[in-house]
Amino acid sequence: MRAFALALSFLAGGVASARAEATRYPVTVENCGHQVTFEKAPKRVVAIGQTQTEILYALGLGDRVVGTAVWFSPVAKRFEAANAGVKRLSDNDPSFEAVVAQEPDLVTAMFEWHVGPNGIVGKRDQFAKLKVPAYVSPSDCVGKDNSGAGDGIRTQMFTMELVYRNIREFGLVFDVADRAEALIAELKAREAKAVAAVAGNAAKDIPVTVWFSSKDVKGDAFLAGKNGVPAYILAKLGARNIITTNEEWPLVGWESVAVGNPAVIVVVKMDRRRFPADDIDLKLNFLRTDAVASKLDAVRRNRIVVMDVGATRAGLDTVDGIEALANAIQSFGFAR
């Protein structure tokens, strides 16, 4: 239960050496270029995005969540109890009407393309007219351009500091700053331990690619761009992403992948079934049978890492991804 348990232990035992100052309302946070003001701690939250939902659960705020949407995988086991009584509005994109029907006093989103200038669920001014504050994870707008189509373009490398900012701002808004700091401390400690496990390893600068999905299993692949969450994981462990574009998930042909000839391929596992290649078994079969992919060093040497989709999103599970890849690097014999 790691992060969640530690956060609760700080509450129950008063372990913190110095308690954070209580929130003084009204409080205003700067969010994706907007000033968002809260007159009091929200009591009815709709979370559009699994990362936002699970951060709220980790902070012990499950009783405030009245609706969720946009799920790529089952809720983390440690949050199953908190999630059991929460209404799921949609596995994918909920309607604006479904969201406001919950009478929220906060709508929080994982992606700006759900709630933002081009929001397909709703725009900020739509929620503002109903006096409902909207908050988007800083990880999806700081150093990122979402003005075009698709998943956006990262102009700066993602870092976990953006997730920590998200957690701290929730701590401020909900007046649970102590819980927020405890959660951040736990995540930072896990991240540092994983990085230390491969420090000075022989795998430094090994070429790696991360395959999310494909519209057609045999077609071009959505691979992790150079500045997104997977790229951050690779960089933390000293590996090299063979993809060098700023797009979040560019479509890349396998002939181009062959030029980079990755030593390790990370394949994303998810429950979502929007595209055929969302299916992990289809992805693995393709790698082993395709005329081009099967010749890659990573496939020939069976250096394929199956990573849960949660690790590719900017949230608590990003640290799980760092740990998983660090363990894989060691198992492949790269580490000294």
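Check the entry above for the structure.
Worth saying up front: this structure is predicted, and the values here are computed from it rather than measured.

Before going further, it helps to spend a moment on the state of the cysteines. Applying the stated criterion to the full structure yields 1 disulfide. Covalent S-S linkage joins Cys 32 and Cys 141, the inter-sulfur distance amounting to 2.0 Å. Sign of the S-S torsion, about -75° for the bond between Cys 32 and Cys 141, identifies this disulfide as left-handed. Pair noted here: Cys 32 is in the loop between strand 1 (27–31) and strand 2 (34–38) and Cys 141 is in the loop between strand 7 (134–136) and strand 8 (144–145), with a separation of 109 residues, a long-range link. In this pair, the class of Cys 32 matches that of Cys 141, namely buried.

With respect to the secondary-structure elements, Gln 50 resides in helix 2 (residues 50–58). Discounting residues that sit within four places of it in the chain, Gln 50 has contacts with Ala 69, Val 70, Trp 71, Phe 72, Ser 73, Pro 74, Val 75, Met 110 and Arg 313.

This part covers empty space enclosed by the protein. A full pass over the atoms with the stated rule returns 1 cavity of 30 Å³ or more. Estimates place the volume of the largest cavity at around 30 Å³. Around the largest cavity, the lining residues are Val 210, Pro 230, Ile 233, Leu 234, Val 266, Met 307 and Leu 325. Of all the elements, helix 8 (residues 229–236) adds the most residues to the lining of the largest cavity, at 3 residues.

A separate point is the nonpolar core. Membership of the largest hydrophobic core comes to 88 residues, with the highest contact counts inside it found for Ile 48, Ile 167, Phe 174 and Leu 325. No other element matches helix 6 (residues 160–173), which puts 7 residues into this core. Listed in part, the 21 residues of the second largest apolar core include Trp 254, Ile 280, Phe 286 and Ala 293.

Counted according to the given criterion, the structure contains 12 aromatic pairs. Look at Trp 211 and Phe 286: their rings are 5.7 Å apart centre to centre, the planes differ by 65°, and that puts the pair in the edge-to-face class. Separated by 75 residues along the polypeptide, Trp 211 in strand 10 (residues 207–213) and Phe 286 in helix 10 (residues 280–289) bring together distant segments of the chain. Ring geometry for Phe 212 and Trp 249: centres 4.9 Å apart, planes at 45°, overall tilted. With a gap of 37 residues between them, Phe 212 in strand 10 and Trp 249 in the loop between strand 12 (240–241) and strand 13 (251–252) connect regions that are remote in the sequence. Each of the two residues, Phe 212 as well as Trp 249, counts as buried. Among the aromatic residues, ring-to-ring pairing joins Phe 72, Phe 212 and Trp 249 into one connected group. Over the aromatic face of Trp 71 sits the side chain of Arg 88, whose NZ or CZ is 4.3 Å from the ring centroid.

Definitions and limits used
- Residues numbered from 1 in each chain as written.
- Predicted model: local features only at pLDDT ≥ 70, side-chain atom pairs only at ≥ 80, totals over all residues.
- Heavy atoms only, no water.
- Disulfide = S-S within 2.5 Å.
- Helix = DSSP H or I, 4+ residues; strand = E, 2+ residues; numbered from the N terminus.
- Buried < 20%, exposed > 50% of the residue type's maximum accessible area, 1.4 Å probe, protein only.
- Contact = heavy atoms within 4.5 Å.
- 1 Å grid on protein atoms, 1.4 Å probe; cavity = no way out; pocket = protein on both sides within 12 Å on 5 of 7 lines; lining within 4 Å.
- Points joined across faces, edges and corners; volume = space filled by probe spheres on them.
- Core = buried A, V, L, I, M, F, W, Y, C linked by side-chain atoms within 4.5 Å.
- Phe/Tyr/Trp six-rings, centres within 6.5 Å; stacked < 30°, edge-to-face > 60°.
- Lys NZ or Arg CZ within 6 Å of the ring centre and 35° of its normal.

Nothing here speaks to function; it is all geometry.
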